[in-house]
Amino acid sequence: MKEISRRNFIKGAAASALSVAALGKVGGFATPAAAEEAKLAEQYAPFDKIPAAYLNPQRTDYRTHDKELTTLFSPFKIGNVELNHRMVKSAAGSATYLPGMTDELLTYYFNLAKGGVELIFVESVAFLEVPESGEYDEETRAYLEKLVNGCAEYGAKLGYQISGFGMGENEMTIEDIHAKQARMIQVAKGLYEVGFQVIEYNCAGFNMPAHFLSRFHNTRVDEYGGKSVENRARFVTEILTQLKADCPDLAVQILIDCIEENDNIANNPTIMTLDTDVTTPHTKPLTIEEGIAAAKLFEAAGADSMHLRIGPLGHHVAQFASDLYFILNGVEGATGFGTQYDFTQAFQGAAIGDTSGCGIALDIAARYKKELSIPVGAVTYMDPAHAPDFFEQALEDGKVDFLLMNRPLTVDMDYVNKLREGRLDEIAPCTRCLHCHSGSNEMNAMFCYCRVNALTQRVMREGGPATYELPKADTVKKVMVIGGGPAGMEAARIAAMRGHDVTLYEKKGMLGGLLDFASYVKGPHENLADLKNYLIRQLEITGVTVKTGVEVDQALIEAEAPDAVILAAGGLRPELEVKGDGSAPIIGMDDFLFAEMGENVIVYGSNAQAFDAALWLTVHKKKVSIVTPNTADELDIQQSQHAKRMMTTALYALGVHSWPEAAIKEVKDGKAIVSIEAGVDMEIPCDAIVNAGDMLPNTALLDGISVAETYAIGDCANPFNIALAIRGGNDAGRAV
């Protein structure tokens, strides 16, 4: 048996336990039916929730599609750069994709251009920037020209983001400042000479230009600091003035945090200055009014467009992916620091806080646009396929001129073309898990991946597919796929696209595996219902024969006599036995949403599913403890480190405690005796135990069958998360 590694984030709960099969159509693409959601809401009405769950109520009506996307697909200009639609690829991806000047980099950007993106910003990476000598070597120049010309063949123009990494703006001498400015101008001119048409200066986040602009960070007392907006903007305006004088036809865009907000209020940082240490109070986040004043100065100095995002002061990923604030179902607004924003007050009450982070900065951008004559764009889940009317209306109303996008375009590189052609139900949805962004235990591209697109950060690398293109099968085979979850559907989709005769079997009466259950527990933020609908639609398009309500055994396999079997039937939840008097029932993950239980609940396990269960129970006023035999490093490891941070800080702030390397010895009289890693036993109140223990492989169905070509993927092979499930399915579909 050939085993392809794949792990499934959703571990346990039977999807059939939930009545979420009914799906409706909104504007030609599937979303959970409102009637079915109302039914679920009524079903769970008896569960009261903690106050945090009522702080930032979310809308469910913003995802309609009744409008023609006329404004979205209308022309506009940034400087002299003419574009035919309002979707621009923001500068992210290069630094995590690239070990150097690779064919992978070229193909990545060529595919975005081929997919309909007309302006693509390349992220700042040192090897693409002109040396301080002022001249590229022949190899680098040829590579950059190949990149520019290759994208131009598909009608795309390239921009480049200059970030100015490195802080220390308060320690710089005037000479240091001028040298830094000269270098940032030199890099821009070098890229312009090889064909880049737009330069973006990243004056946001933790970059040096942002720190000059921010009252919170900038404690200088000379002409580049102080309370004057003109002084704090001077670092950038001087760059703009000189660059525009040297290259008047080069379009220049400025990215800023259009508003700052305190988040890490418990850690009042000490900022170093030239003379002394200064503790900066939490009264100095940049306001919308200050940002507009700075933007006017940038426009006067020659800026051709503005790129706006919100700017929490302590959490970098939330500065450009601020929909992360809504990833926790029931604690929307969690900051990652154990606190919670009230979006009626945070960010001056101007951020959109009721659409799960979708278009969060649109209303703030509208205020900038009223004061500026240059185009204004905004970022953070600007995804018109996700909410067509919402974004079309924002463009019609003039809130923004264009949408800066990254994750949706990376998930589906044909996004723009599909959207233009009205094929919204064929667009692979971004599930906003943030696995794609490096950090913590994901500090390099080997650990970064897309949950939905199995090629992202894998293709053309060791262990990944050799090409983006899908090779046709040399011989058409009869392929049996067993299991209709994300792994099985992806495997069936890929195998059928290659020309195989594919039949998918699912023992339940519906496809999706555990995605429906996960969608309910995790809430709508991660678009898991959309992911299920996309995969089902792909089976229809590729001609996969689907047989639901059929449980496959070895006799059926032998009777069908396939050339290849791909097993994606799910893992096995280990039994949990606890000594005691039976006062605390053991409840399976299949049943915890429905089971009667007391106030004090132990969740046994530490995988992402265990943490999702702990959050759901905590939100519904249960007092939860997590007990696991795994180590502390393994807590919630299946989620991206960004999602994990939001989850753990919120749960711990709400009173949940995790006990790693621990065991439940017995339960008597509503109390559990737990042996913890410190080497002592402790008593924990316990009215029920939810078994979310790690799944075990389940490949016995393949043992002894006469089919020569077999693959095991998903939980049945190596349980982990949705991303690796889909990866395993894609690999199996390519290998068969």
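Residues numbered from 1 in each chain as written. Predicted model: local features only at pLDDT ≥ 70, side-chain atom pairs only at ≥ 80, totals over all residues. Heavy atoms only, no water.

(A) Examining a negative patch on the surface more closely. Negative charge collects at one region of the surface, where Asp-633, Glu-634, Glu-661 and Glu-677 lie side by side. Following the sequence through the fold, Asp-633 ends up in the loop between strand S23 (623–627) and helix H19 (641–653). For Asp-633, a relative accessible area of 65% puts it in the exposed group. (Patch = residues over 30% accessible without salt bridge, like charges linked within 9 Å, V, L, I, M, F, W, Y side chains within 5 Å. Areas by Shrake-Rupley, 256 points an atom, 1.4 Å probe, with all protein chains shown as cover. Salt bridge = Lys/Arg side-chain N within 4 Å of Asp/Glu carboxyl O. Lys, Arg positive; Asp, Glu negative; His and termini not counted. Charge placed at Lys NZ, Arg CZ, Asp CG, Glu CD. Helix = DSSP H or I, 4+ residues; strand = E, 2+ residues; numbered from the N terminus. Buried < 20%, exposed > 50% of the residue type's maximum accessible area, 1.4 Å probe, protein only.)

(B) Highlighting the nonpolar core. The biggest cluster of nonpolar side chains holds 186 residues, and the ones touching the most others in it are Tyr-160, Phe-196, Tyr-201, Ile-254, Phe-298, Tyr-368 and Phe-592. No other element matches the 8 residues that helix H18 (residues 608–619) contributes to this core. Residues contacting Phe-298, with those up to four places away along its chain left out, are Leu-213, Ala-233, Val-236, Thr-237, Leu-240, Ile-254, Ile-256, Ala-303 and Met-306. Ranked by size, the runner-up nonpolar core spans 15 residues in total, among them Ile-602, Ala-672, Ile-676 and Ile-689. (Core = buried A, V, L, I, M, F, W, Y, C linked by side-chain atoms within 4.5 Å. Contact = heavy atoms within 4.5 Å.)

(C) Region of interest: the pairing of strand S27 (residues 681–685). Pairing of strand S26 (residues 671–675) with S27, which is carried by 5 bridges, proceeds in the antiparallel orientation. Looking at S27, one finds that Ala-672 is bridged to Ile-684. Between S26 and the antiparallel strand that follows it, S27, lie 5 residues; Gly-679 among them carries a positive phi value of about 90°. (Pairing = 2+ DSSP bridges.)

(D) View of the environment of Glu-469. By the element assignment, Glu-469 lies in the loop between helix H13 (415–420) and strand S16 (478–482). A relative accessible area of 46% places Glu-469 in the partly exposed class. With 10 residues separating them in the primary sequence, Glu-469 and Val-459 have C-alpha atoms 9.9 Å apart.

(E) Inspection of the pairing of S26 at higher detail. Only one face of S26 is buried: it carries Ala-672 and Val-674, and the other face, with Lys-671, Ile-673 and Ser-675, is open. Where strand S25 (residues 663–668) and S26 come together, 5 bridges link them in antiparallel fashion. The residue bridging Ile-664 from the neighbouring strand is Val-674, located in S26. Between the antiparallel neighbours S25 and S26 lie 2 residues, among them Asp-669 with a positive phi of about 50°.

(F) Main features of H18. Between its first and last C-alpha, H18 extends 16 Å over 12 residues, near the 16 Å set by a 1.5 Å rise per residue. Extensive coverage of H18 is indicated by the burial of 12 of its 12 residues. Every buried residue of H18 is accounted for by Ala-608, Gln-609, Ala-610, Phe-611, Asp-612, Ala-613, Ala-614, Leu-615, Trp-616, Leu-617, Thr-618 and Val-619. Buried residues belonging to H18 abut helix H15 (515–522), strand S22 (600–604), S23, H19, strand S24 (657–659) and strand S28 (688–691). Lys-621 lies just past H18 and shows a positive phi near 70°. (Expected span 1.5 Å × (residues − 1).)

(G) Region of the structure containing the packing of aromatic side chains. Under the defined criterion, the tally for this structure stands at 15 aromatic pairs. Ring geometry for Tyr-108 against Tyr-109: centres 4.8 Å apart, planes inclined by 70°, an arrangement best described as edge-to-face. Each member of the pair, Tyr-108 as well as Tyr-109, is classed as buried. The lysine or arginine in question, Arg-432, covers the ring of Tyr-381, its NZ or CZ lying 4.2 Å from the ring centre. (Phe/Tyr/Trp six-rings, centres within 6.5 Å; stacked < 30°, edge-to-face > 60°. Lys NZ or Arg CZ within 6 Å of the ring centre and 35° of its normal.)

(H) Just the side chain of Gln-609, in detail. Note that Gln-609 resides in helix H18. Judged by relative accessible area, which is 4%, Gln-609 ranks as buried. Reaching out from Gln-609, the side chain makes a polar contact with the side chain of Arg-573 at a distance of 2.9 Å. (Polar contact = N/O pair within 3.5 Å; in protein donor to acceptor, adjacent residues only side chain to side chain.)

(I) Molecular detail of the pattern of salt bridges. Following the criterion strictly, the structure yields 34 salt bridges and no others. We note a salt bridge from Glu-289 to Arg-367, for which the minimum N-O separation is 2.9 Å. Here Glu-289 is found in helix H8 (residues 288–301), whereas its partner Arg-367 is found in helix H10 (residues 362–371), with 78 residues between them in sequence. For Arg-367, a relative accessible area of 34% translates into the label partly exposed. With its nearest N and O atoms 3.7 Å apart, the salt bridge here joins Glu-599 to Lys-623. Of this pair, Glu-599 sits in the loop between strand S21 (586–588) and S22 while Lys-623 sits in strand S23, and the two are 24 residues apart along the sequence. Under the relative-accessibility criterion, Lys-623 is labelled exposed at 51%.

(J) Region of the structure containing the sheet that holds S21. With parallel pairing, the 5 strands of this open sheet are ordered in space as S21-S28-S22-S23-S24. Each end of this open sheet is capped by a strand with a single partner; those strands are S21 and S24. Averaged over all pairs of adjacent strands, the angle between strand axes in this sheet comes to 25°, irrespective of strand direction. Bridge count for S21 against S28 is 3 bridges, and the pairing is parallel. Directly across from Gly-588, in S28, lies its bridge partner Asn-691. (Axes fitted to C-alpha atoms, helices over the stretch in contact; angles between N-to-C directions.)

(K) Structural context of unusual backbone geometry. With phi around 55°, Gln-348 is a residue other than glycine that occupies positive phi space. Within the element layout of this structure, Gln-348 appears in the loop between helix H9 (317–320) and H10. Judged by relative accessible area, Gln-348 falls into the partly exposed class, the value being 39%. At Ala-561, a position not held by glycine, the phi torsion is positive, near 50°. Counting through the fold element by element, Ala-561 comes out in the loop between helix H17 (554–560) and strand S19 (564–567).

(L) The arrangement of the packing of helix H5 (residues 174–193) against helix H7 (residues 229–246) in detail. Viewed as axis vectors pointing N to C, H5 and H7 meet at an angle of 40°, and their least axial separation amounts to 10 Å. Put simply, H5 runs oblique to H7. Between H5 and H7 lies a crossing whose hand is right-handed. For the pair H5 and H7, contact is made by Ile-177, Lys-180, Gln-181, Met-184, Ile-185, Ala-188 and Lys-189 and by Arg-234, Phe-235, Glu-238, Ile-239, Gln-242, Leu-243 and Asp-246, respectively. (Parallel < 35°, antiparallel > 145°, perpendicular 65-115°, else oblique. Left-handed = near helix turned anticlockwise from the far one by under 90°.)

(M) Just the sheet that holds strand S20 (residues 579–580), in detail. Across the sheet, 4 strands lie side by side as S20-S25-S26-S27; this open sheet has mixed pairing. On the outer flanks of this sheet lie S20 and S27, each paired with one strand and no other. Two elements, S20 and S25, share 2 bridges in a ladder whose sense is parallel. Paired with Gly-580 across the bridge in S25 is Val-667.

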